[in-house]
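Residue-level structure breakdown
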Amino acid sequence: MKFFRVYDNLYLCRTFLQHFQPFFKIFNSMSKLTNNFINRHNGPRANEIAGMLKTIGASSLDALIDETVPSAIRLRKPLNLPPALNEYEYLTHLKNLGSKNKLFKSYIGSGYYNTITPGVIQRNILENPGWYTSYTPYQAEISQGRLEALLIYQTMISDLTGLPLANASLLDEGTSAAEAMIMLYNSRSREAVKAGANRFFVSDKLFPQTIDILITRAEPLGIKVETGNWQNIGFDSTWFGAIVQYPDEAGEIHDYSSFVAKAHENGIMVAVAADLMSLALLTPPGEWGADVVVGSNQRFGLPMGFGGPHAGFFATREEFKRNIPGRIIGVSLDAQGNRALRMALQTREQHIKRERATSNICTAQALLAIMSAMYAVYHGPQGIKQIAERINILTGVLATEVLKYGYTQLNSTYFDTVRIQIPDTVRMAEFRKLALENEVNFRYISEREIGISIDETTNLEDVNTLVNIFASAAKKQFNEYICIPEECCRIKTIPDQFRRNSAYLQEKVFNSYHSETGMMRFIKKLEGKDLSLNRSMIPLGSCTMKLNAAAELFALSWPEFNSIHPFVPEEQVEGYHLMIRDLEKALCEITGFAAMSFQPNSGAAGEYTGLLVIRAYHISRGEGHRNVCLIPASAHGTNPASAAMAGMTVVVIKTDQNGNIDLNDLKEKAEKYKDTLSACMVTYPSTHGVFEEGILDLIRIVHENGGQVYMDGANMNAQVGLTSPGYIGADVCHLNLHKTFAIPHGGGGPGVGPIGVARHLKPFLPGHALVKTGGETPITAVAAAPFGSASILPISYGYIKLLGGEGLTEATKLAILNANYLKVRLEEHYKILYTGKNGRVAHEMILDCNEFSKTADLQVIDLAKRLMDYGFHAPTVAFPVHGTLMVEPTESEPLEELDRFVTAMIGIRKEINEIIEGKADRQVNVIKKAPHTLCMVTTDNWTLPYSREKAAYPAPCDITDKYWPSVTRIDDAYGDRNLVCTCAPVSAYEEKAG
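Residues numbered from 1 in each chain as written. Predicted model: local features only at pLDDT ≥ 70, side-chain atom pairs only at ≥ 80, totals over all residues. Heavy atoms only, no water.

Rules: UniProt positions are given in the numbering used here, feature names are shortened, and annotations may be inferred rather than shown by experiment.
Going by what an unreviewed UniProt entry lists, the protein is known as Glycine dehydrogenase (decarboxylating) and is assigned to Lentimicrobium saccharophilum. The annotation that UniProt attaches to the protein under Subunit (unreviewed entry) is "The glycine cleavage system is composed of four proteins: P, T, L and H." Heading Cofactor (unreviewed entry) of the UniProt record for the protein holds this comment: "pyridoxal 5'-phosphate".

Written out as structure tokens, the structure is:
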């Protein structure tokens, strides 16, 4: 009977399935319609792909991939990732994760503070693709808006620090301090170099995370970091520099003037890590002799974001202008004599200096620097001072009130931070319990001391809550503090000797836009000058300017992700940790590695971290002498620069006539240096846009000679789902989450450069001074926050969740499809420099324009400028090969935009032919005079030998949607000869008006 019951049940199930199968098909179809992010993300439509493949000459998309990616490195099974979510499902999932983070009020300080981001800045910059999708402003004529914003930023930093020269931001406070140390080391006098001066003094009152990074950066370069009490240090000829904190990590304000004077008497230079908000009230370090001032802009309207991203600032003296790390925005003139901005002194940058570089900085935190600059513009000098004074007064109220309950306030002077000593009658465990019950985080310095930092968001009610906690812990009756304005204003915690007397932010821009209407229009005016991804394709090779989907970015504005201090107890950030672990698991599956570190907050930082991990591995095996790094001649400039920063000796490997790594040269040098070989750095696919067939041989040769293989992940967008660094055999690889995994470039940052490592390197992943992270025997920190720029990790997390394994693989295939479509469309007009063995390119290609210098007196930069008239940002210019354009369309560009780009490039080729054929003058022609501004083509004095229409509307287009560059060709040499890196003072406008 039991058998028949089972049989009957099976029969019923089969009958049910047969009858309802059509409904299941409809349901599945509906599910596919709902989970449609892949169709939103990718450009080519399904009905267009067949035509593109026909143009290319491939029978199918899979056939194209087979012809492009070597079979020996292809993955044998699909990515093991969960199915894709639709946008609603993903946002619901992320909200659930966010709800697991506890939004306690943090008074921990230590370089991170609650802030208020003005709504006009959040809405019009942070959440605006016109700002966050733009690229680093190498093409200055179409970047005048963000260049202006960055010049304002530099002016703000210069004013507040009291030093004349500031760069356009660095990664965070800790790395800024390290860059200061290295700059001072490389700026030693001949006598100091001859004397072997290599000691750098670090005050023990610096933030712990900064000290950690200084140690990290110093050791490979032979710099000896020595910490101690700045009041007791004795200098001699073995020292070259020093750094102190102002106010110090405990909140105390010190008079460092005699310390600086003593250092200068001994030929020693001094850096200062300063709190930017405090400089509205305190004498700026530049006025008491500091050579460099560094810090974080986070207090100027940037959310804490569990550690980042934030902009680090760096200001110094004029004499260091050719040594300063990072980018500097300078004032120049365009060909019409108009004021124009550009990145100045670019010969300092790592992509030019390579292994001779004194810094591997490749990016900045442009978007965050711009936001902090606009914060200063919006508030103006009076507003900034009011915010600083309010913070200071409330700190004074707190410090005074706790005394009434038996506590001791240990600071004699302070701006926003005090140390409170608890009485013997109070148990610290009970105090912590009370604080958590009130959802408050303090900094617990010891069993007897508590640190409290007040910030912009603190109000009197908050202060009373804090005092109530102290009273309750002491078992005393709490009496609410009632503020009488006249009395509050008399609270004085900063002695006159420390008070700032000099003016700041006096330039017109800081005194003009204090209404939201005015500020909104000012931001829009700047935005309109730039060409961003929301207007057109940005086909920059090696930059992967793909879609940054709105759904991926929403969490940037959610307090459950952006309002959390990086040093809160782990149980308060369960949601963050779940997300980070899930993202690590996904990226390990994608890369084939055993573990990831998210601490590096740029691609170059990832390179540096990976090399330090390799170095630590060799040291653990008693092979610390291994210091040779093999790097192909075609590598990105950050590779040799990062190797140099990691203390390695760079040996360059030749490339053959086809652009591939010369394996014979590699083998010869690997064997020559087999006793000292540390690593080989290789980009895959290559920077030439090719999947090199010899990659497995390269890895075998390096391993056989004792080295580790570092794979640069800049071109990971051509690997995902098809192959992987770990599968190929690499030992470590950094990923550019701001390329492959959809974090926007932000006009030059933020970026995220996590590293993935093979199992044997996992123990050495970077740790942190204050938060447990990294491997079992970690290297010291490489960034100020334990998880780097944590608040933008949800973008990449969302990208992976929304696409799923199948979608990620499809995106890679379409990136390769788009590149090969452009290659076939353009190869009749431009020489394609390198292809794979089957005539295919990977996700990018190089157009060789060198012949035009001979035939038409044109340089590749001339073509780049002419593309602006067609409404395009140029491809990557003169990298990795001089006189070329490197084109990368990404999977996100639709066929219509690809064809528009082809039309532009063919149009320029015809204009070149006119010069070659003598129909156009070799010096005065539509390409040499590009770009053409609206002022140029509407002038009454048009003297150029071609029509205005040809200048401004060179291709069929919608004339209502014309992009106009705001300036024409900029004079780079003039800007470098006449270096001006700040906004003009109000007096300049008055003189002009007069």
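**Topic: the overall build of the protein**
Convention followed: Secondary structure elements follow DSSP: runs of H or I of four or more residues count as helices, runs of E of two or more count as strands, with numbering from the N terminus. As a reference, a globule follows 2.2 Å times the number of residues to the power 0.38, and the radius of gyration itself is taken over C-alpha atoms. Two residues form a contact once any of their heavy atoms are found within 4.5 Å. Shrake-Rupley sampling with a 1.4 Å probe provides the accessible areas, and residues are treated as covered by the protein chains on show and by no other component. Asp and Glu are treated as the negative residues and Lys and Arg as the positive ones, with His and the ends of the chain left uncounted. We put the charge of a Lys on NZ, of an Arg on CZ, of an Asp on CG and of a Glu on CD.
The helix and strand inventory of the protein stands at 34 helices and 26 strands. Over its C-alpha trace the protein gives a radius of gyration of 29 Å, about what one expects of a compact globule, namely 30 Å for 994 residues. Dimensions of the protein, computed from C-alpha atoms along their principal axes, come out at roughly 105 × 85 × 65 Å. Long-range contacts, defined as pairs at least 24 residues apart, comprise 77% of the intrachain contacts of the protein with a sequence gap of at least 6. For the protein, the exposed area adds up to about 37,500 Å²; of that, 50% sits on carbon and sulfur atoms. The protein carries 96 positive and 106 negative side-chain charges, and their two centres are separated by 3 Å.

**Focus: the pattern of salt bridges**
Here is the rule: Salt bridges are defined as contacts in which a side-chain nitrogen from Lys or Arg sits within 4 Å of a carboxyl oxygen from Asp or Glu. Think of it in three bands: residues with accessible area under 20% of the maximum for their type are buried, residues over 50% are exposed, and the middle band is partly exposed, with areas taken using a 1.4 Å probe on protein chains only.
Applying the stated criterion across every chain yields a total of 43 salt bridges. A salt bridge links Glu437 to Lys433, with the nearest nitrogen and oxygen atoms 2.7 Å apart. Here Glu437 pairs with Lys433, and both are found in helix H15 (residues 428-437), just four residues apart, close to one helical turn. What makes Glu437 partly exposed here is its relative accessible area of 49%. Among the residues examined, Lys433 registers a relative accessible area of 46% and is labelled partly exposed. Connected via shared salt-bridge partners are Arg199, Glu226 and Asp236.

**As for the environment of Gly451**
By the element assignment, Gly451 lies in strand E15 (residues 449-453). Residue Gly451 is classed as buried on the basis of its relative accessible area, which comes to 2%. Other than its neighbours up to four places away in sequence, Gly451 contacts Tyr107, Val418, Phe442, Arg443 and Ile445.

**What about the pairing of E15?**
The following threshold applies: A pair of strands is considered paired only if DSSP assigns at least 2 bridges between the two.
Among the five residues in E15, five count as buried, and that is most of the element. Burial along E15 is two-sided: the residues Glu449, Gly451 and Ser453 and Ile450 and Ile452 are all buried. Where strand E14 (residues 443-444) meets E15, two bridges bridge the pair, whose relative direction is antiparallel. From the neighbouring strand, Arg443 faces E15, where its bridge partner is Gly451. Where E14 folds back onto E15 in an antiparallel hairpin, the turn is made up of four residues.

**Focus: the packing of aromatic side chains**
Rules: Note on ring pairs: Phe, Tyr and Trp rings are taken, using the six-membered ring of Trp, and paired if centres are within 6.5 Å. Classes follow the plane angle, with under 30 degrees stacked, over 60 edge-to-face and the rest tilted.
Throughout the structure, instances matching the rule amount to 34 aromatic pairs. An angle of 35 degrees between the planes, with centres 6.4 Å apart, marks the rings of Trp558 and Phe561 as tilted. Neither residue differs from the other here; Trp558 and Phe561 are each classed as buried. An angle of 80 degrees between the planes, with centres 5.4 Å apart, marks the rings of Phe872 and Phe901 as edge-to-face. Of this pair, Phe872 sits in the loop between helix H29 (860-869) and strand E25 (876-877) while Phe901 sits in helix H30 (residues 895-916), and the two are 29 residues apart along the sequence.

**A closer look at the state of the cysteines**
Going by this rule: Cysteine sulfur atoms that come within 2.5 Å of each other are treated as a disulfide pair.
Inspection of every chain in the model, using the stated rule, returns one disulfide. Here Cys629 is not cross-linked by a disulfide; its sulfur's nearest cysteine counterpart is in Cys680, at 7.0 Å. Relative accessible area serves as the criterion here: at 0%, Cys629 is assigned to the buried category.

**Some words on the UniProt feature "modified residue: N6-(pyridoxal phosphate)lysine" (unreviewed entry) in the protein**
Within this numbering scheme, the UniProt entry marks Lys739 as carrying the feature "modified residue: N6-(pyridoxal phosphate)lysine" (unreviewed entry). With respect to the helices and strands, the residue Lys739 is situated in the loop between strand E21 (732-735) and strand E22 (755-757). Apart from the residues within four sequence positions on either side, Lys739 is in contact with Ser542, Cys543, Thr544, Lys546, Ala714 and His745.

**What about the packing of helix H24 (residues 663-672) against helix H25 (residues 695-704)?**
Where we set the bar: Fitted lines through C-alpha atoms give the axes, limited to the stretch in contact for helices. The angle between two N-to-C directions lies from 0 to 180 degrees. Angles below 35 degrees are treated as roughly parallel, those above 145 as roughly antiparallel, those between 65 and 115 as roughly perpendicular, and all remaining angles as oblique. Residues are grouped as follows: Ala, Val, Leu, Ile, Met, Phe, Trp, Tyr, Cys and Pro are nonpolar; Asp, Glu, Lys and Arg are charged; every other residue, Gly included, is polar.
Where H24 meets H25, the axes come as close as 9 Å, and the angle between the chain directions of the two elements is 10 degrees. Compared by their axis directions, H24 and H25 come out roughly parallel. Residues Leu663, Leu666, Lys667 and Ala670 of H24 lie in contact with H25, whose contacting residues are Asp697, Leu698 and Ile701. Taken together, the residues of the contact of H24 with H25 break down into five nonpolar, no polar and two charged.

**Looking at the sheet that holds strand E8 (residues 312-316)**
Across the sheet, seven strands lie side by side as E2-E8-E7-E6-E5-E3-E4; this open sheet has mixed pairing. Each of the sheet's edge strands pairs with one partner strand only, and the pair in question is strand E2 (165-166) and strand E4 (224-228). Where strand E3 (residues 199-203) and strand E5 (residues 239-246) come together, four bridges link them in parallel fashion. By the bridge assignment for E5, Phe201 is matched with Ala242. Helix H8 (residues 144-161) rests against E2, strand E7 (292-296) and E8 of the sheet, and its axis sits at about 65 degrees to E8. Each of E3, E4, E5, strand E6 (269-274), E7 and E8 touches helix H9 (residues 173-186); the most contacted strand, E7, lies at about 160 degrees to it.

**Quick word on the side chain of Glu249**
For Glu249, the location among the structural elements is in the loop between E5 and helix H12 (257-265). Since its relative accessible area comes to 15%, Glu249 is described here as buried. Setting aside residues no more than four positions away along its own chain, Glu249 makes contact with Lys205, Leu206, Phe207 and Arg443.

**Considering the sheet that holds strand E11 (residues 408-409)**
If you trace the four strands from one edge of the open sheet to the other, you get E11-E12-E15-E14, paired in antiparallel fashion. The open sheet has two free edges, formed respectively by E11 and E14, since each of these has just one partner strand. Bridge analysis of E11 against strand E12 (residues 417-421) gives two bridges, and the strand direction is antiparallel. Bridge pairing links Thr408 to Gln421 in E12.

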